[in-house]
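These are the residues of each chain, in order.
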Amino acid sequence: QVQLVESGGGLVQAGGSLRLSCSASGRLFSHYSMGWFRQAPGKEREFVAAITWSGGSTYYGNSVKGRFTISRDNANYVVYLQMNSLRPEDTAVYYCASDKRIYYSGSALQGADEYDSWGQGTQVTVSS
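Quick caveat: nothing in here was measured; it's all calculated off a predicted structure. (Residues numbered from 1 in each chain as written. Predicted model: local features only at pLDDT ≥ 70, side-chain atom pairs only at ≥ 80, totals over all residues. Heavy atoms only, no water.)

Peer 1: What is the right way to read the overall build of the protein from this model?
Peer 2: Across its full length, the protein carries zero helices and eleven strands. Starting at the N terminus and walking to the C terminus, you meet the elements of the protein as β-β-β-β-β-β-β-β-β-β-β. In the protein, buried positions account for 44% of the 128 residues. Long-range contacts, defined as pairs at least 24 residues apart, comprise 59% of the intrachain contacts of the protein with a sequence gap of at least 6. Just so you have it, the protein exposes about 6200 Å², and 46% of that area is on carbon and sulfur atoms. Looking at charge distribution, the protein has the averaged site of its 11 positive side-chain charges lying 4 Å from that of its 10 negative ones. (Helix = DSSP H or I, 4+ residues; strand = E, 2+ residues; numbered from the N terminus. Buried < 20%, exposed > 50% of the residue type's maximum accessible area, 1.4 Å probe, protein only. Contact = heavy atoms within 4.5 Å. Areas by Shrake-Rupley, 256 points an atom, 1.4 Å probe, with all protein chains shown as cover. Lys, Arg positive; Asp, Glu negative; His and termini not counted. Charge placed at Lys NZ, Arg CZ, Asp CG, Glu CD.)

This is the structure we're talking about:
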């Protein structure tokens, strides 16, 4: 089983940047695709970004495309989400998650039901 812990959230002004980190424990971490999701009060959990187990492909939600970048460091068991040009509508709790499918390299990574391990979340607040 993979255990995930997010960090790096905080308060930032519109136009600023933050980098979120997701630290993982588990021997098979590098064998799973990883995703970032976010959820604001009163809204459904939204897909943000995903990266395949090898790091060869990345995917982004339409609302963050061109502003956010997902990456991973398998040697150190960490997944990152670099967030630039932040907007107030980016305010949410951000979660990282591990895909339930080992060695999966396809594009079906946008649904929360594709993941079976989740972190506790980290709050990101963007002021206007």
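Now that the structure is up, let's keep going.
Peer 1: Is there a simple way to think about the nonpolar core in this case?
Peer 2: Across soluble globular proteins, nonpolar side chains have a tendency to be buried as a group. Judged by nonpolar contacts, the single largest core of 27 residues is most densely connected at Trp-36, Val-48, Phe-68, Ile-70, Leu-81, Met-83 and Tyr-94. For this core, the secondary-structure elements that each account for two or more residues are strand S3 (18-25), strand S4 (32-39), strand S5 (46-51), strand S7 (68-73), strand S8 (78-83), strand S9 (92-102) and strand S11 (122-127). Sorting elements by how many residues they give to this core places S3 first, with four residues. Not counting chain neighbours up to four residues away, the residues in contact with Leu-81 comprise Leu-18, Arg-19, Leu-20, Trp-36, Val-48, Ala-49, Phe-68, Thr-69, Ile-70 and Tyr-94. If you look at the next biggest cluster of nonpolar residues, it comprises seven residues, including Phe-47, Ala-97, Leu-109 and Tyr-115. (Core = buried A, V, L, I, M, F, W, Y, C linked by side-chain atoms within 4.5 Å.)

Peer 1: How do you make sense of the packing of aromatic side chains when you look at a structure like this?
Peer 2: To describe a pair of aromatic rings, one takes the distance between the centres and the angle between the planes. The tally for this structure, following the rule as stated, stands at six aromatic pairs. Aromatic side chains Phe-37 and Phe-47 sit 5.6 Å apart centroid to centroid with 70 degrees between the ring planes, which places their arrangement in the edge-to-face category. A residue pair is termed long-range when its members are at least 10 positions apart, and Phe-37 in strand S4 and Phe-47 in strand S5 qualify at ten residues. There is no split in this pair, since Phe-37 and Phe-47 are both buried. Through successive ring pairs, a cluster of aromatic residues spans Phe-37, Phe-47, Tyr-115 and Trp-118. Taking the ring centre of Phe-29 as reference, the NZ or CZ of Arg-72 above it sits at 4.9 Å. Here the basic side chain of Arg-101 rests over the ring of Tyr-104, its NZ or CZ set 3.7 Å away from the ring centre. (Phe/Tyr/Trp six-rings, centres within 6.5 Å; stacked < 30°, edge-to-face > 60°. Lys NZ or Arg CZ within 6 Å of the ring centre and 35° of its normal.)

Peer 1: Quick question: what am I supposed to make of the pattern of salt bridges here?
Peer 2: Opposite charge on two side chains lets them pair, provided their charged atoms get close. One pass over the structure, following the stated rule, counts five salt bridges. Salt-bridge contacts for Arg-38 lead to Glu-46; the nearest nitrogen and oxygen are separated by 2.9 Å. Given a relative accessible area of 6%, Arg-38 falls into the buried group. On the accessibility criterion, Glu-46 (27% relative accessible area) is partly exposed. With a shortest N-O distance of 3.1 Å, Arg-101 and Asp-99 are connected by a salt bridge. Three or more residues are tied together by salt bridges with common partners; here these are Arg-38, Glu-46, Arg-67 and Asp-90. (Salt bridge = Lys/Arg side-chain N within 4 Å of Asp/Glu carboxyl O.)

Everything listed here is a matter of coordinates, which is why it stays silent on function.
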